[in-house]
Amino acid sequence: MNTHISSAYDRDLDAIQTLVIKMAGLVEEAIMSAAKSLEMRDTDLADRVRAGDKVIDALELQINEEAARVIALRAPVSKDLRAILTVLRIAASLERIGDYAKNMAKRTGTLVDMPVIAGSDAALRRMAREVQAMLKDILDAYLRGDVALAEDVRQRDHEIDQMYNALFREFLTFMMEDPRNITTCMHLHFMAKNVERMGDLVTNMAEQVIYLVTGEMPEEARPKGDKTAYVTDAT
Amino acid sequence: MKDTNMQNPKISAKGVQVYYGDNQAIKDVNVEIADKTVTAFIGPSGCGKSTFLRCLNRMNDTIDICRVTGEILIDGEDIYDAKVDPVQLRAKVGMVFQKPNPFPKSIYDNVAYGPKIHGLARNKAELDEIVEKSLRKAALWNEAKDRLDKPGTGLSGGQQQRLCIARAIATAPEILLMDEPCSALDPIATAQVEELIDELRQSYSVVIVTHSMQQAARVSQKTAFFHLGSLVEYDDTDKIFTNPQDPRTESYISGRIG
């Protein structure tokens with residue numbers, strides 16, 4: 001893409017993109033720290049994740065303000081317009097992902113004093129790591145304008161959904177075996193659901209990247225993997 | 001380029017070439033322009049958009065060294081046919097210019113002049129009616145009705161431009177050509193003229209040349225991008241401004257070094 005005749009316009013757009021990258025970095029870290037704090041029963045780390053969400057929120061606000069300024073002053077069209085719309089939506093998705101990480105960290109604080117459900121912490125961490133990898137890839141796809149990679153990320157959400165399905169059934173089994181597991185399993189289930197929602201938001205970002213590059217939202221439906229709405233028992 | 005054929009186009013240009021002496025200003029332009037639609041021509045200075053606009057009512061005939069080849073049909077009839085009287089043609093295809101250019105006559109006479117020479121009114125009452133109707137359509141009636149006998153040149157710039165629009169529509173044209181109609185107007189007068197253009201769309205096929213990308217985006221439904229005498233891209237205006245297909249269009253509308 002050629003540079004603008006007005007170089008200040010390019011600088012404005014670059015500055016916003018830098019903010020998005022910074023925000024994404026913090027969100028990636030929050031996801032992994034939230035999962036780690038659960039596994040290690042590390043309440044200090046959980047507290048740091050909760051406090052860190054304020055920085056993420058502030059960055060989203062700053063991105064919104066900068067984007068509004070560019071819209072008002074430059075009246076962007078075509079690819080520039082799509083770039084601004086994309087930045088706004090990506091920032092909104094990142095902010096939501098940050099909220100889910102914060103919510104996980106909150107539950108860690110509650111879970112430290114409760115019995116451990118075997119294998120669930122590690123499974124949640126694997127799920128979180130996969131979402132974090134998707135997020136990292138979608139950021140690369142965004143920066144490089146790589147539609148193929150964005151499409152790949154979009155399809156990978158299916159794996160997250162399957163991991164979530166498996167955990168859902170596992171928690172159900174534990175709860176049926178011993179009602180004293182219910183409180184723990186409920187919290188863990190919310191955490192799994194949080195990660196599953198993060199995957200959906202990363203998928204939204206992937207679709208936005210495809211729109212940014214091609215000018216069109218992907219039409220082709222992707223496989224919906226969350227089947228838990230139809231589950232009636234743990235078998 | 002995308003296929004631009006449409007059903008029942010008002011104007012249909014085929015293989016149009018325009019030369020000023022040895023210099024080719026328009027290169028093989030094919031375009032179909034719809035009725036009751038505002039079509040914007042955009043492009044950098046010297047790209048041929050005004051030259052092409054002036055072909056549509058044979059204004060280029062007045063330039064000796066100018067030569068037009070190809071075919072321009074209005075309602076299926078070739079306007080460059082020897083049988084066509086350019087004066088009649090220009091009554092049917094009205095034009096509004098960059099700088100408001102009212103005649104040094106009263107407001108009334110400015111509007112009444114065209115209908116008079118074309119014999120569109122049988123008596124004073126009919127002429128009065130045409131003048132009032134035209135001024136109303138041009139959204140100037142309320143401001144001008146009490147000073148119809150005052151000189152048109154005494155109006156403000158925006159009012160003068162609306163007077164020129166009233167003058168153009170007084171001869172009951174079917175097509176209105178506008179060459180940068182707002183470039184000499186302030187933002188308020190511009191907004192009024194743009195509002196007017198949107199209303200005129202109900203009755204006419206409007207073709208507007210503009211340097212303001214935002215104006216093209218605001219007033220038109222179709223946009224044609226010209227570059228170096230060629231028609232590069234022609235599509236729905238929202239398509240041109242959100243997702244143009246040609247990189248030259250993209251560069252031009254987003255203010256890039258192309």
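Quick caveat: nothing in here was measured; it's all calculated off a predicted structure. (Residues numbered from 1 in each chain as written. Chains lettered and ligands numbered in written order. Predicted model: local features only at pLDDT ≥ 70, side-chain atom pairs only at ≥ 80, totals over all residues.)

J.: So, the overall build of chain B: which residues are in play, and what are the values?
T.: In terms of helices and strands, chain B carries 10 helices and 10 strands. Taking 2.2 N^0.38 as the reference for a compact globule, 258 residues should give roughly 18 Å; the C-alpha atoms of chain B span a radius of gyration of 18 Å, in line with that estimate. A principal-axis box enclosing the C-alpha atoms of chain B has dimensions of 55 × 45 × 35 Å. Expressed as a percentage of the 258 residues in chain B, the buried residues total 47%. Counting only contacts in chain B whose residues sit at least 6 apart along the sequence, the fraction spanning at least 24 positions is 69%. (Helix = DSSP H or I, 4+ residues; strand = E, 2+ residues; numbered from the N terminus. Rg over C-alpha atoms; globule rule 2.2 N^0.38 Å. Buried ≥ 20, exposed ≤ 12 C-beta atoms within 10 Å, placed from the backbone. Contact = placed C-beta atoms within 7 Å.)

J.: Describe the overall build of chain A, and please don't skip the residues or the numbers.
T.: Helices and strands together make up the secondary structure of chain A, namely 6 helices and 0 strands. Secondary structure elements in chain A, listed N-terminal to C-terminal, are α-α-α-α-α-α. Relative to the 2.2 N^0.38 estimate, which gives 18 Å for 235 residues, the radius of gyration of chain A is 20 Å and therefore close to what a compact globule would have. Principal-axis analysis of the C-alpha atoms places the extent of chain A at approximately 70 × 40 × 20 Å. A burial count over chain A gives 40% of its 235 residues as buried. When contacts within chain A are restricted to residue pairs at least 6 apart in sequence, those whose partners lie at least 24 apart make up 82%.

J.: Tell me what's going on with the interface of chain A and chain B, and back it up with residues and numbers.
T.: Listed by partner, the interface residues are 13 residues for chain A and 14 residues for chain B. A total of 4 residues in the side of chain A that touches chain B trace back to one element, the largest contributor, which is helix H3 (residues 78-111) of chain A. Looking at the side of chain A that touches chain B residue by residue, the classes come out as 5 nonpolar, 6 polar and 2 charged. (Nonpolar A, V, L, I, M, F, W, Y, C, P; charged D, E, K, R; others polar.)

J.: How would you explain the nonpolar core if you had to name every residue and give the values?
T.: In this structure, A:Ile31, A:Val131, A:Ile138 and A:Val202 are the most contacted members of the largest nonpolar core, which totals 134 residues. Look past the residues within four positions of A:Val202 in its chain and what remains in contact with it is A:Val131, A:Met134, A:Leu135, A:Ile138, A:Val153 and A:Asp157. (Core = buried A, V, L, I, M, F, W, Y, C linked by C-beta atoms within 7 Å.)

J.: Lay out the sheet that holds strand E5 (residues 77-78) of chain B in plain terms, naming residues and giving numbers.
T.: Across the sheet, which stays open at both edges, the 4 strands sit in the order E2-E1-E4-E5 (chain B) with antiparallel pairing between neighbours. Each edge of the open sheet carries a strand with a single partner, namely strand E2 (23-33) and E5 of chain B. (Pairing = 2+ DSSP bridges.)

J.: Which residues make up the confidence of the model for chain B, and what values do they have?
T.: Scored by pLDDT, chain B has a mean of 93; 98% of the residues are at 70 or more. Scoring the predicted complex yields pTM 0.82 and, for the interface, ipTM 0.72. (pLDDT = per-residue confidence, 0-100.)

J.: An account of the packing of helix H4 (residues 120-144) of chain A against helix H6 (residues 182-214) of chain A is requested, with residue identities and associated values reported.
T.: All names here are of chain A. At their nearest, the axes of H4 and H6 sit 10 Å apart, and the two run at 15° to each other. Our classification of the angle between H4 and H6 gives roughly parallel. Crossing hand, H4 versus H6: left-handed. Residues Ser120, Leu124, Met127, Ala128, Val131, Met134, Leu135, Ile138, Ala141 and Tyr142 of H4 pack against Leu188, Met191, Ala192, Val195, Met198, Gly199, Val202, Met205, Ala206 and Val209 of H6. Taken together, the residues that form the contact of H4 with H6 break down as 18 nonpolar, 2 polar and no charged. (Axes fitted to C-alpha atoms, helices over the stretch in contact; angles between N-to-C directions. Parallel < 35°, antiparallel > 145°, perpendicular 65-115°, else oblique. Left-handed = near helix turned anticlockwise from the far one by under 90°.)

J.: Residue-level account of helix H4 (residues 124-137) of chain B, with values.
T.: The end-to-end C-alpha separation of H4(B) is 20 Å, in line with the 20 Å expected for 14 residues at 1.5 Å each. Of the surrounding secondary structure, the elements contacted by the buried residues of H4(B) are helix H3 (107-117), helix H5 (141-144) and helix H6 (157-169) of chain B. (Expected span 1.5 Å × (residues − 1).)

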